Every structure is written in C-alpha cells, then in structure tokens.
Amino acid sequence: MWDYTDKVKEHFLNPRNVGQLDQANAVGEVGSLACGDALKLMLMVDANEVIVDAKFQTFGCASAIASSSALTEMVKGKTLTEAATVTNEDIANYLGGLPKEKMHCSVMGREALEAAIANYRGILLPMAEGEVVCECFGVTDLEVRRAIEESHLRTVEEITNFTKAGGGCGKCHDRLQQLLDTSAKQVKSKIIPLKASRRMTTIQKIKLIEDVFEREVRPTLRKDGGDIELIDVDGNEVIVSLRGACGSCAKSRTTLKEYVEKKLREQVLDTLTVEDDKA
Amino acid sequence: MNSTIYLDNNATTRVAPEVVEVMQPYFSELYGNPSSMHTFGGQVGEALVAARAKIAHLLGADPDELIFTSCGTESDSTAILSAIRANPDKRHIITTRVEHPAVKNLAENMHAFTGHKYRVTQLSVDSQGMLDLDEYEKAFCEDTALVSVMWANNETGVIFPVEEMAMIAKARGVLFHTDAVQAVGKIPIDLKKTAINFLSLSGHKLHAPKGIGVLYVRKGTSFSPFLVGGHQERGRRGGTENTASIVALGKACELAATRMTVENTRVKCLRDTLEKGLLAAIPNAFRNGHPEHRLPNTTNISFEYVEGEAILLHLNTVGICASSGSACTSGSLEPSHVMRAMGVPFTAAHGSIRFSLSVYNTEEEVDFVVQQLPPIIAKLRQMSPFWHNRPKSL
C-alpha cells in the first residue's frame, strides 16, 4: 500500500474544484487513457491575467487526483506569470510530499498548467518538438532533460518516477542513462572554472553582456515573439528576465541554459551562469 | 473504519482458526528437530509424516512425491531449474503470457541462472483468457525442455486444461510443470490420473500460514535440488523443516478436502451474487475472463474510464479489501500483463478490480459491497474527463 500523507488522502477523498468550467479561457489537457492518468485543467483568466477560477477533471490514481486538486487551489488568485512559476515540487510539497514512484503525478499537474497557460496565450507547447525517447509513454528527451535538471535526478529509476519514461518495456534505459551522463558533464563544466578566465569588474561584465544581448540574443528571441532583459549581475551569476512569448514558454529554461548562457560564455566570460529572475 | 470485509483471498488468506490451534504446540513444547535421534525430536517427525499424508491425499499424490519448500516461488524455481538440468542440451521452454511472475520472470531470464540463452514460447490467450490448444501443440520443438503452465490464473481465476496439456507434453517426451498455487483447495485435483511431472502449491493461499510451500515431483521424474544441504526431504531440499507450518498445512489441506463442496456451491454462489449485483448496478462494467472455466471464488470486473487504485482506496475507507490490475497499484506503470494479454482495452484495463472470496465471506458482506461500490464508481467517473467524452453509442 502506498504511503500517502494525510493531506494527499484528504484531497483524494474530498477533491476541490472538480468539474467542468464552462467559462474557461485557458485549458490544458495532458496524459491519456493508455498512460493510466490524464488531467484536464480549466482556468478562467480575467483581463488582468489573474486566474479567477480553476476546475479539473482527472482520470488516475489517488495521487493524480490529489495533485490536480492541490494545483487548482494553488493557482487560484495568481496571475498567469505567477502561476507559471509553480513547479512539480511545489505541488508535491503542498501535499506534504508524494511517494517517489508517484512524483510523475505532480509533473502531470505542472504540465497541464503549462499547457493551459500556453493555450491562453495561443502558443504551441515546445515539448512535442523533442525527440521521443520512451515509446511506451511518449516522453521526449526535452522533458527528460528538464526533469533531470529541475529535480536533480541521478538515476534512470528516478527519471521513471518523475516522467514515466522507461517504465514500460525498458528499451530506452540506455538512452536515459546517456541523458543523465550528458547532464552530469554539463553540471561539472559549470562548476570547474576554466584556466583562461579573465578577471572582470561587474561593470565590464554588464557592458559586454548587454552588447551580446543586443547584437545576437534579442534578434533571435524576437523572431519567436520573445525578448530578454538583464536584471542583475552578482559575481558570475547573470540574472535575466525572459519577456513576451519567452516568459511563458515551457522551454524557457532550455533557452536560458542552452542558448543565452552558451553565448555569454563564448563571448564574455566562460564562468558565467544565467538564471531566470523568477527562479 | 468499519470491520474488514476481506475479498482478496487470491493474494493471501486468513489462517483458519483450526490451523492456528494445531500449529501452536510446535512453537512451545514441541520444539524438537525431527532429524534428532531422541524421542523428543522424533515425535515431531511423526507429526510431519501425518501432515504429509493429508497433503498427499488432497492432491491425489503419494506422500513420497512431496517436497516441502518455503513458498510457491521456491517450488516454481526448483521445478523449472530441475527440469532444465535434466535436459542440458535443450534450449526451449513453453509457457504462457499470463503466468505469475514466479514463473514468467524466471523463464524470461534463464540466461542469468543457467548461462545459456533459452527460447521461450509464451502461449497467447483469447479475450476470455483461454489458451488455444492448437497453438500449444504447434509450439513444441525438437529441443523443448519444459512446459510450465499455471492451473488457474491468479487475476481472472481462469482455469487452464493442464491435465490435457500434460498428456500432450508426455506424448512428446517433454516435462510438464504447473503452478497450482491458486487451484489447490478450490477445485478437485487428482495427480495420479494425470501426466503432470511437477506441481507447485503455497500454504497461505489455502488458509495455512505464509512461508510454507510444496513441490510435487512425480515418481520417476529426474530431480536435482535447488537448496543443497542436509538430508532433509530425502536429500531433495536441504534445511531444517518448518515444523509448525508443515503441521499447519496438513490441517489446512484436510480442511480444504472437506470444504471443497462448500467452495464450489456456497462460495461460488456468493461470487455470482456479487458479480451479477455489480454488473447490474454499474453501467460500462464487464467481467474479465471466461464465465464458466474459472475458479469458484474469483471475479475480475473492469469499470471503464476510472482507475483501479482510486477505486481500491475508496473501498478501503469503507473496510473492503480487493485488488486491481491497474498500473498504479503495483508500482509499475503499465496495467497487468494478464489484462494486456487478454486484449482488454486501456479504457478498462486500468479500472479492473479483482474480488476473490473464501469460505469466511458472508451474504451480508457481498450485499454491502454491491451497495457501496456503485456510488464510488459514479463519483470517480464524474471526475474523469474520459467518462464525459465516452462514445455514447455503447
């Protein structure tokens, strides 16, 4: 028997905000019957982008129902920008934790929320763009990479617990291990400063960073309806804010790490790390 | 919580009070080792002889054909690996897609235990969970070492024609093993009349305690032990005998022999009442498994568009114990291999619930379940996006 917290049990037995929301203008649907769980999240967003009402319909186990219930309670009253910062860990924490094998239920909650926000903004979610790694559950490499980074996953088993990838036939386990290895290398390269590091004052850094943004980063982001603003530079940590379409993009972290950070390291200082101001 | 209504007897059973009573002395005054030369130990040995005779009687076997083990899984592993060792040059095994993991996982991983790669033919089942004997006959190869087919399926209760299948294997000179863990005590078995070489049983499925199993090995079948050690079980299974549990199993088999009729009349009737009641009260629900060829105590019902774990936890809050073939209950992410082998659609596989009864269940309990479950299913369906989008033409 699963070791569910009292709060999970309570939200499962008496779920909040179940049902259809006819006035919903932001709807996110994730999961499928085949996968064994699915969530339809319906939000009503007012002119100020405040979520004034939220309802859900869920097919799934106790923790899937409890995660959905918790999610609707958490986002009500928030602006879309605030809601976009809700992570799967936040959902699990709200419930006092989930059994590790059930973390994918909280991930489903976050995915539905992202889908609903994207639906409101009329954006196509980029997750589908990745390469499908796990055929059984249709999980892409982007989703796996994101889970590895966000939840600091270290084993294939943990990836399965969080994303379901690898939980079926098991043929993708080698590929999942590769993704873990690649991400571990990236983390290492972030920590070990290269010998060639120059010493720079913060003002010098800011000037060069703005330069790179204006010359290369902004033109690229603007093509997708997005933008970026430099908020602060603290040592080697560059704090930025993604704007426009990028602000709500589910892939924004990948954009920051794989694109913005890479550019800054190449052209400014190879020890810089880029973080979102909302993180 | 209300008092417990236990409808999960294919998982494990209540130890019969009569069984608890007879095993008690072996934890206190009768603690001797049956192998000892003194009368104090010897009297325990005598009790084991009596227990062995009772078990043999239930199975239609000779007492010498029984080996005590620690569980059904040990019996399965012992039988399969012994058969493989008896045929060192053969590299093919026939089994089914719906075996218990104790057989399935061993057959699929023979390489790890023998150092040789084995080809495994897993016979398919139809939508009612039944085997196709033509497919079975065609599956034999020159180098088939063993057939291992369960007598009755743990999830659906479907009974396989193992007596007939064993005859077919014998005609081809192939050893035949059956995992009869779910069948023993529920349906009549007479091994003398069959060609079965190995049969596994587990005590805790028939009101004996956990931790005791039996492997039947037909006289004349070559055998090599799994646990090598002392001379216990005539050198076929080392390790000091689990005396209290062996005595308990003897009593449980004696009880089972006397209750076989009750099992197939009163228990079967309760099962049918439960099944009919639920199917009548709940739309979009159907039985999994053949209506006739199945154990008298088991019903497996799918409730479309809802998930099994959620159903079980709601049942749990009103004191009803059952189990599910849904992915979420097992910790795996896919629905049960039995439901998938039967081709149960995903709309229903995740919502399959198994109720397995015993002689201890009552009519009141069954009525209570029939009354409690419909609103639970309705509540979960109200919550399910698929229920609202289901094809309405059904």
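Residues numbered from 1 in each chain as written. Chains lettered and ligands numbered in written order. Predicted model: local features only at pLDDT ≥ 70, side-chain atom pairs only at ≥ 80, totals over all residues.

**Observations concerning the overall build of chain B**
Each helix and strand in chain B was counted, giving 14 helices and 13 strands. For a compact globule of 394 residues, the expected C-alpha radius of gyration is about 21 Å, and chain B comes in at 22 Å, within 12% of that figure. Along the first, second and third principal axes, the C-alpha set of chain B runs to 70 × 55 × 35 Å. Looking at chain B as a whole, 52% of its 394 residues qualify as buried. Pairs at least 24 apart in sequence give 73% of the contacts found in chain B among residues at least 6 apart. (Helix = DSSP H or I, 4+ residues; strand = E, 2+ residues; numbered from the N terminus. Rg over C-alpha atoms; globule rule 2.2 N^0.38 Å. Buried ≥ 20, exposed ≤ 12 C-beta atoms within 10 Å, placed from the backbone. Contact = placed C-beta atoms within 7 Å.)

**Here we look at helix 9 (residues 202–223) of chain A**
All names here are of chain A. Its 22 residues place the ends of helix 9 30 Å apart at the C-alpha level, agreeing with the 32 Å of an ideal helix rising 1.5 Å per residue. Its maximal kink placed at F213, helix 9 deviates by approximately 45°. What helix 9 keeps buried is the set I209, F213, V217 and L221. A positive phi of about 80° marks G225, the residue just after helix 9. (Expected span 1.5 Å × (residues − 1). Bend = angle between axes of the 7 residues up to and from the residue.)

**So, the interface of chain B and chain A**
Across the contact, 22 residues belong to chain B and 22 residues belong to chain A. The residue inventory of the side of chain B that touches chain A, partitioned by class, reads eleven nonpolar, eight polar and three charged. (Nonpolar A, V, L, I, M, F, W, Y, C, P; charged D, E, K, R; others polar.)

**Some remarks on the domain arrangement of chain B**
Quoted interface sizes are often the accessible area lost when the parts come together. Residues and elements named next belong to chain B. Under the domain assignment used here, chain B contains domain 1 (5–12 + 259–388) and domain 2 (17–255). Using only C-alpha atoms to locate each centre, domain 1 and domain 2 end up separated by 28 Å. Across the contact, 23 residues belong to domain 1 and 24 residues belong to domain 2. For the side of domain 1 that touches domain 2, the elements supplying multiple residues, two or more each, are helix 8 (243–281), strand 10 (298–303) and helix 11 (337–341). Along the lines of polarity and charge, the residues of the side of domain 1 that touches domain 2 split into six nonpolar, 13 polar and four charged. (Domains from an automatic or database assignment.)

**Quick look at helix 5 (residues 103–121) of chain A**
Helix length check: helix 5 of chain A, at 19 residues, gives a terminal C-alpha distance of 28 Å against a target of 27 Å (1.5 Å per residue), a fit within 8%. By the criterion of burial, helix 5 of chain A is predominantly enclosed, with 17 of the 19 residues buried.

**Topic: the confidence of the model for chain B**
Averaged over chain B, the pLDDT score is 94; the fraction of residues at 70 or greater is 97%. Here the prediction assigns the complex a pTM of 0.80, and the interface score ipTM is 0.87. (pLDDT = per-residue confidence, 0-100.)

**Notes on the sheet that holds strand 6 (residues 226–234) of chain A**
All names here are of chain A. Pairing is mixed in the open sheet, where three strands are placed in the order 6-7-8. On the outer flanks of this sheet lie strand 6 and strand 8 (273–276), each paired with one strand and no other. Sheet twist, expressed as the mean angle between neighbouring strand axes with direction ignored, is 35°. Two elements, strand 6 and strand 7 (residues 237–244), share eight bridges in a ladder whose sense is antiparallel. The residue bridging I228 from the neighbouring strand is L242, located in strand 7. (Pairing = 2+ DSSP bridges. Axes fitted to C-alpha atoms, helices over the stretch in contact; angles between N-to-C directions.)

**Some thoughts on the environment of F223(B)**
Residues and elements named next belong to chain B. Relative to the helices and strands, F223 is located in the loop between strand 8 (213–217) and helix 8. For F223, a count of 21 C-beta atoms within 10 Å corresponds to the buried category. Through-space distance from the C-alpha of F223 to that of R236 is 7.8 Å; in sequence the pair is 13 residues apart. Among all residues touching F223, those that are not within four sequence positions of it are S82, V217 and R236.

**Some remarks on unusual backbone geometry**
Phi angles above zero are rare outside glycine, and N17(A) is one such case at about 60°. Tracing the backbone shows N17(A) in the loop between helix 1 (6–13) and strand 1 (26–32). Accessibility expressed as a C-beta count within 10 Å gives 18 for N17(A), which makes it partly exposed. The phi angle at E233(B) is positive, at roughly 50°, despite the residue not being glycine. The topology assignment puts E233(B) in the loop between strand 8 and helix 8. On the basis of neighbour count, E233(B) is assigned to the partly exposed category, with 19 C-beta atoms found within 10 Å.

**Things to note about the nonpolar core**
Core analysis: the biggest nonpolar cluster contains 89 residues, and L41(A), L43(A), A62(A), V144(A), A165(A) and I311(B) have the highest contact counts within it. With ten residues, helix 5 of chain A is the single largest residue contributor to this core. Once residues lying within four places of it in the same chain are set aside, the contact partners of L41(A) are V27(A), G28(A), F56(A), L71(A), A112(A), L113(A) and A116(A). Counting 83 residues, the second largest nonpolar core, distinct from the first, contains A47(B), I94(B), M339(B) and V344(B). (Core = buried A, V, L, I, M, F, W, Y, C linked by C-beta atoms within 7 Å.)

**Topic: the domain arrangement of chain A**
Domain boundaries assigned for chain A yield domain 1 (6–121), domain 2 (127–191) and domain 3 (202–276). Each of domain 1 of chain A and domain 3 of chain A has a C-alpha centre, and these two points are 30 Å apart.

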